[in-house]
Amino acid sequence: MTLLGVADDPSCYSQLVNDWICPAYVSDRQQEIVDATIQHIGITVVSVVLGLLIAFPLALAARRLPRLESTILAATTGIYTVPSLALFPLLVPFTGLTATTVVIGLALYALTILVRSLLEGLRSVPDEVRESATGLGYGRGQLLLKVELPLALPVMMAGLRVATVSTVALTTVGSLVAYGGLGNLIKDGVLTDFRAELFTASLLCVLLAFVLDGLLVLAQRVMTPWTRGARA
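Rules of the game
Residues numbered from 1 in each chain as written. Predicted model: local features only at pLDDT ≥ 70, side-chain atom pairs only at ≥ 80, totals over all residues. Heavy atoms only, no water. Helix = DSSP H or I, 4+ residues; strand = E, 2+ residues; numbered from the N terminus. Rg over C-alpha atoms; globule rule 2.2 N^0.38 Å. Buried < 20%, exposed > 50% of the residue type's maximum accessible area, 1.4 Å probe, protein only. Contact = heavy atoms within 4.5 Å. Areas by Shrake-Rupley, 256 points an atom, 1.4 Å probe, with all protein chains shown as cover. Lys, Arg positive; Asp, Glu negative; His and termini not counted. Charge placed at Lys NZ, Arg CZ, Asp CG, Glu CD. Axes fitted to C-alpha atoms, helices over the stretch in contact; angles between N-to-C directions. Parallel < 35°, antiparallel > 145°, perpendicular 65-115°, else oblique. Left-handed = near helix turned anticlockwise from the far one by under 90°. Nonpolar A, V, L, I, M, F, W, Y, C, P; charged D, E, K, R; others polar. Polar contact = N/O pair within 3.5 Å; in protein donor to acceptor, adjacent residues only side chain to side chain. UniProt positions renumbered as here; feature names shortened; annotations may be inferred. Phe/Tyr/Trp six-rings, centres within 6.5 Å; stacked < 30°, edge-to-face > 60°.

Now for the overall build of the protein chain. Looking only at helices and strands, the protein chain features 11 helices and 0 strands. Sequence-ordered secondary structure for the protein chain, helices as α and strands as β, is α-α-α-α-α-α-α-α-α-α-α. Over its C-alpha atoms the protein chain spans a radius of gyration of 23 Å, topping by over 25% the 17 Å that the globule rule assigns to 232 residues. Here the protein chain holds 232 residues, and 39% of them are scored as buried. Residue pairs in contact within the protein chain that sit at least 24 positions apart in sequence constitute 71% of those at least 6 positions apart. For the protein chain, the exposed area adds up to about 12800 Å²; of that, 69% sits on carbon and sulfur atoms. A distance of 17 Å separates the average location of the 15 positive side-chain charges in the protein chain from that of its 16 negative side-chain charges.

What follows is the structure, encoded as structure tokens:
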């Protein structure tokens, strides 16, 4: 009788119990959660990198051609005003129900932050530093790579951190085309009133944002050792 009663005890994520916090769910669905997390990380990282590759030449063009600056900033800002519920379906006829649809959409959204931060970072370099480097024989390419970018890095990294955290959140919307990483679990949890799934996936999204932001902070400290000396 006792054994039967123990065996019949409902799981903490059964319909009868449906707890928000349920270690049994994490244990039983571990592989599903891991796969969703890996997909979420992959989409986020690829989207941000693609956004950087697009934003960098746009920022350079905006700085060197002031007449284009307002147009570039207006265009990148305008993209961000398009709801993701509309943008992703608009891309589907061209890219299909694939992860590419999500990556392109998220990269476009990231431009709003990345273009502005890259532009402001380059502008933060003092004119006297540029003049000194030019006097030492630095060409335009050397000036950009060896002087301007290193000095602009703190401002650029601040924008990159914001764009990355924002992309972690927006990736969940990719569940519209079945490529939302943890967003797929969140969507399923909402539709089925599966509390453990909804809570676990949401918590992992928050933790993922903190982890990626922390990694970017560490990367910035490694790439800008002179800032630590200045603070000291």
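That covers the picture; the talk isn't over yet.
Here we take up the packing of helix α9 (residues 182-192) against helix α10 (residues 195-223). Direction vectors running N to C along α9 and α10 enclose 150°, while the axes themselves pass 8 Å from each other. The angle between α9 and α10 falls in the class roughly antiparallel. In the packing of α9 onto α10, the handedness of the crossing is left-handed. Each of Leu-182, Leu-185, Ile-186, Asp-188, Gly-189, Val-190 and Thr-192 in α9 lies in contact with α10, whose residues at this interface are Glu-197, Leu-198, Ala-201, Ser-202, Leu-204 and Cys-205. Split into classes, the residues belonging to the contact of α9 with α10 amount to 8 nonpolar, 3 polar and 2 charged.

Relative to the assigned elements, Asn-18 resides in the loop between α1 (2-7) and α2 (23-28). On the basis of relative accessibility, which here comes to 10%, the residue Asn-18 falls in the buried class. Here the side chain of Asn-18 touches Asp-193 through a polar contact of 2.9 Å, landing on its backbone oxygen. Within the local environment of Asn-18, its side chain forms a polar contact with the backbone nitrogen of Arg-195, the two atoms lying 3.1 Å apart. Setting aside residues up to four positions removed in sequence, Asn-18 forms contacts with Cys-12, Tyr-13, Asp-193, Phe-194 and Arg-195.

Within the UniProt annotation, "domain: ABC transmembrane type-1" (unreviewed entry) is assigned to residues 37-216. Annotated as 86% helix and 0% strand, the span residues 37-216 places its first and last C-alpha atoms 19 Å apart.

This part is about the UniProt feature "transmembrane region" (unreviewed entry) in the protein chain. Under the feature "transmembrane region" (unreviewed entry), the UniProt entry names residues 38-60, 72-91, 97-115, 158-179 and 199-219. For residues 38-60, the helix share is 100%, the strand share is 0%, and the end-to-end C-alpha distance is 33 Å. The span residues 158-179 shows a helical share of 64% and a strand share of 0%, and its end C-alpha atoms are spaced 28 Å apart.

On to unusual backbone geometry. The phi angle at Ala-178 is positive, at roughly 70°, despite the residue not being glycine. Position of Ala-178 among the secondary structure elements: in the loop between α8 (140-171) and α9. Positive phi, close to 55°, is recorded for Asp-193, a residue that is not glycine. Mapping Asp-193 onto the fold places it in the loop between α9 and α10.

Bringing the environment of Gly-183 into the picture now. Tracing the sequence through the fold places Gly-183 in helix α9. Here Gly-183 falls in the buried class, since its relative accessible area comes to 3%. Residues within four places of Gly-183 in sequence aside, it is in contact with His-40, Thr-172 and Ser-175.

Tallying each qualifying case throughout the model produces 2 aromatic pairs. Aromatic side chains Tyr-25 and Phe-194 sit 5.3 Å apart centroid to centroid with 70° between the ring planes, which places their arrangement in the edge-to-face category. Remark: Phe-194 occurs in the loop between α9 and α10 and Tyr-25 occurs in helix α2; sequence separation between them is 169 residues. Overall, the relative accessible area of 11% leaves Phe-194 in the buried class. Judged by centre distance (5.6 Å) and plane angle (80°), the rings of Tyr-80 and Tyr-109 are edge-to-face. Of this pair, Tyr-80 sits in helix α4 (residues 66-80) while Tyr-109 sits in helix α6 (residues 99-123), and the two are 29 residues apart along the sequence. With relative accessibility at 38%, the residue Tyr-80 sits in the partly exposed group. For Tyr-109, a relative accessible area of 3% gives the class buried.

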